[in-house]
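One letter stands for each residue in the lines below.
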Amino acid sequence: MISKLFSSLYARVFVNIVVENTQSLVFVEICSSKKVERSMHKYFATTTMNAQMHEFISTFYKESPFCYISVLDKSLAQGAMPTCTTSEMGKYCDINASEYRCYSNDWAFYTSEYDLEAIKHDYRSIGIDFIFSPFALLANFFKDKIDSTLSIFVLVESNSLSFTVFDNGKLLYGEYLSMKHSKGSDALLVDSSLDEELDAGMIDGIDLEDIAIEDDASGFEDFGVIEDLDADDTMDEFSEEAVPNEVVHEKEQHTPSSGVFNEDYQRFVLVQSALNTFYKDPKYKSQFVESIYIADSVGVSSDFKNYLEEEIFLTVFIRRIDLGASLCDMAKAEV
């Protein structure tokens, strides 16, 4: 009774950190018992804690003793698996080196123990209350669709994708895809020296103009929370905020640019690769999927949608997502 009376005298402050390519977003909400009093966000040119970020966050500890710090997990060694049975988890990850949490007792998301300790060490000066999995965030954001359809669901961040396939609430497949460390990233580069040789009409010292071509020669054509540090509750009671309607862009003709392919093409290649794994790996109960829902935090172009439609023949739905606000919603649900 005394603790409830004490807590009612103070606002609750939720500080949420999202690390991007070269910067960090800090999103803050200050809430009374009945409503959000204030919200704000600020970017810092760092991917770890620096003096400016520490000073900004520390000011909120002065406003209330009830201040909660959340971070979105960026570990490369994370994912989601279609089981919550410990004896079966070894098929999908190194369970001895991972922390995992079950979601609705149907499936689980996991991450590296080493990376969790690294996150806590990086933010030790302020302390971390929650480390949330992007897979849990994705499941909460698309809860209205996940529970009632067979589809792909993808969270697009600045340098990663969280890829899942759900069938009426049951996870069939989950994979975390890094754009910086993807196996096929080198294949997205066109050798600039080759371009220069072609422009000059030379390849390996051979003058292309010296090559005789018969007149009748035929032409050639050019040839895709993980960890709650205070409690181990599942996220079943998450109250999802209203989200904007799906955005369906008109089709546009697209010709890939030369040189380095754009980021949306790289995202498409990662989605295509993950979908192929889902279809071909016997440990997954694959089904033919016709639609994909994308939680877009970066503002993907219409090219990304066109690639998915024209190359994989998927029906594409896109919703914008504010990662800071979504992370804050999860923290509030936990508290």
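Use the structure listed above.
Residues numbered from 1 in each chain as written. Predicted model: local features only at pLDDT ≥ 70, side-chain atom pairs only at ≥ 80, totals over all residues. Heavy atoms only, no water.

Colleague: Sorry if this is basic, but what is going on with the packing of helix α5 (residues 134-141) against helix α10 (residues 323-334) here?
Modeller: The angle between the axes and the distance between the axes are what describe a pair of packed helices. Direction vectors running N to C along α5 and α10 enclose 90°, while the axes themselves pass 10 Å from each other. Considered as vectors, α5 and α10 are oriented roughly perpendicular to each other. Of the residues in α10, those touching α5 at A136, L137, N140 and F141 are L323, S326, L327 and M330. Looking at the contact of α5 with α10 residue by residue, the classes come out as six nonpolar, two polar and no charged. (Axes fitted to C-alpha atoms, helices over the stretch in contact; angles between N-to-C directions. Helix = DSSP H or I, 4+ residues; strand = E, 2+ residues; numbered from the N terminus. Parallel < 35°, antiparallel > 145°, perpendicular 65-115°, else oblique. Contact = heavy atoms within 4.5 Å. Nonpolar A, V, L, I, M, F, W, Y, C, P; charged D, E, K, R; others polar.)

Colleague: In this structure, what is going on with the packing of helix α8 (residues 263-280) against helix α9 (residues 302-312)? I would like to understand it.
Modeller: The N-to-C vectors of α8 and α9 enclose an angle of 40°; their axes lie 9 Å apart at closest approach. As judged from the angle between their axes, α8 and α9 are oblique. The two elements α8 and α9 cross, and the hand of that crossing is right-handed. The residues of α9 that touch α8, namely those facing D264, Y265, R267, F268, V271, Q272 and L275, are F304, Y307, L308, E311 and I312. Considering only residue class, the contact of α8 with α9 consists of eight nonpolar, one polar and three charged. (Left-handed = near helix turned anticlockwise from the far one by under 90°.)

Colleague: Help me understand the packing of aromatic side chains, please; the structure alone is not making it clear to me.
Modeller: Within a pair of aromatic rings, the relevant descriptors are the distance that separates the centres and the angle that separates the planes. All chains considered together, the criterion is met by 22 aromatic pairs. Pairing F14 with Y68 gives two aromatic rings, centres 5.5 Å apart and planes at 25°, and the pair type is stacked. Residue F14 is located in strand β1 (residues 12-19), and its partner Y68 is located in strand β4 (residues 67-72); the two are separated by 54 residues in the primary sequence. We note that F14, like Y68, is buried. With a centroid separation of 5.1 Å and 75° between ring planes, the pair formed by F141 and F142 is classed as edge-to-face. A residue is classified by how much of its surface remains accessible, and F141, at 7% relative accessible area, is buried. Given the relative accessible area of 0%, F142 is considered buried. Members of the aromatic cluster, each reached through a chain of ring pairs, are Y103, W107, F109, F141, F142, F153, F166, Y293 and F317. (Phe/Tyr/Trp six-rings, centres within 6.5 Å; stacked < 30°, edge-to-face > 60°. Buried < 20%, exposed > 50% of the residue type's maximum accessible area, 1.4 Å probe, protein only.)

Colleague: Which parts of the structure should I look at to understand the pairing of β1?
Modeller: Side-chain direction in a regular strand flips from residue to residue, so the side chains alternate between the two faces of the sheet. Judged by how many residues are buried, β1 sits mostly within the fold: seven of eight residues are covered. In this structure, β1 lies alongside strand β2 (residues 24-31), joined through eight bridges in antiparallel fashion. Looking at β2, one finds that N16 is bridged to F27. Two successive antiparallel strands, β1 and β2, enclose a turn made up of four residues. (Pairing = 2+ DSSP bridges.)

Colleague: How should the sheet that holds strand β6 (residues 98-103) be read in this particular structure?
Modeller: Consider a sheet: its strands pair through backbone hydrogen bonds, and that pairing is either parallel or antiparallel. Ordered by their spatial adjacency, three strands build an open sheet running β5-β7-β6, and the pairing between neighbours is antiparallel. In the strand order of this sheet, the two ends are held by β5 (79-81) and β6, each with one partner. Across the sheet, the mean angle separating the axes of adjacent strands is 25° when strand polarity is ignored. Judged from the three bridges that link them, β5 and strand β7 (residues 107-112) form a sheet pairing that is antiparallel. Looking at β7, one finds that M81 is bridged to A108. Docked against the sheet, helix α4 (residues 113-122) engages β6 and β7, running at close to 65° with respect to β7. Of the strands in this sheet, β5, β6 and β7 are in contact with α5, which crosses β7 at around 145°.

Colleague: Can you help me understand the layout of surface pockets in this one?
Modeller: A water-sized probe rolled over the atoms picks out the places where empty space is left. The space that makes up the largest pocket amounts to roughly 400 Å³. As for the largest pocket, its lining consists of 19 residues, of which V19, T47, K74, S75 and N159 are closest to the centre. Counting residues per element, the ones that place at least two in the lining of the largest pocket are β4, α4 and β11 (170-178). Here the lining of the largest pocket is built from residues that sort into seven nonpolar, eight polar and four charged. (1 Å grid on protein atoms, 1.4 Å probe; cavity = no way out; pocket = protein on both sides within 12 Å on 5 of 7 lines; lining within 4 Å. Points joined across faces, edges and corners; volume = space filled by probe spheres on them.)

Colleague: Can you walk me through the nonpolar core in this structure?
Modeller: The tendency in soluble globular proteins is for nonpolar side chains to be buried as a group. Judged by nonpolar contacts, the single largest core of 37 residues is most densely connected at I152, F163, I292 and L308. Mapped by element, the contributors of at least two residues to this core are β7, β9 (150-156), β10 (160-167), β11, α8, β15 (291-296), α9 and β16 (315-320). The dominant element in this core, judged by the number of residues it contributes, is α8, at eight residues. Beyond its immediate sequence surroundings of up to four residues, F163 is in contact with F135, I152, F153, V154, Y173, G174, E175, L177, V271, A274 and L275. F66, A139, F166 and L327 belong to the second largest nonpolar core, which has 35 residues in total. (Core = buried A, V, L, I, M, F, W, Y, C linked by side-chain atoms within 4.5 Å.)

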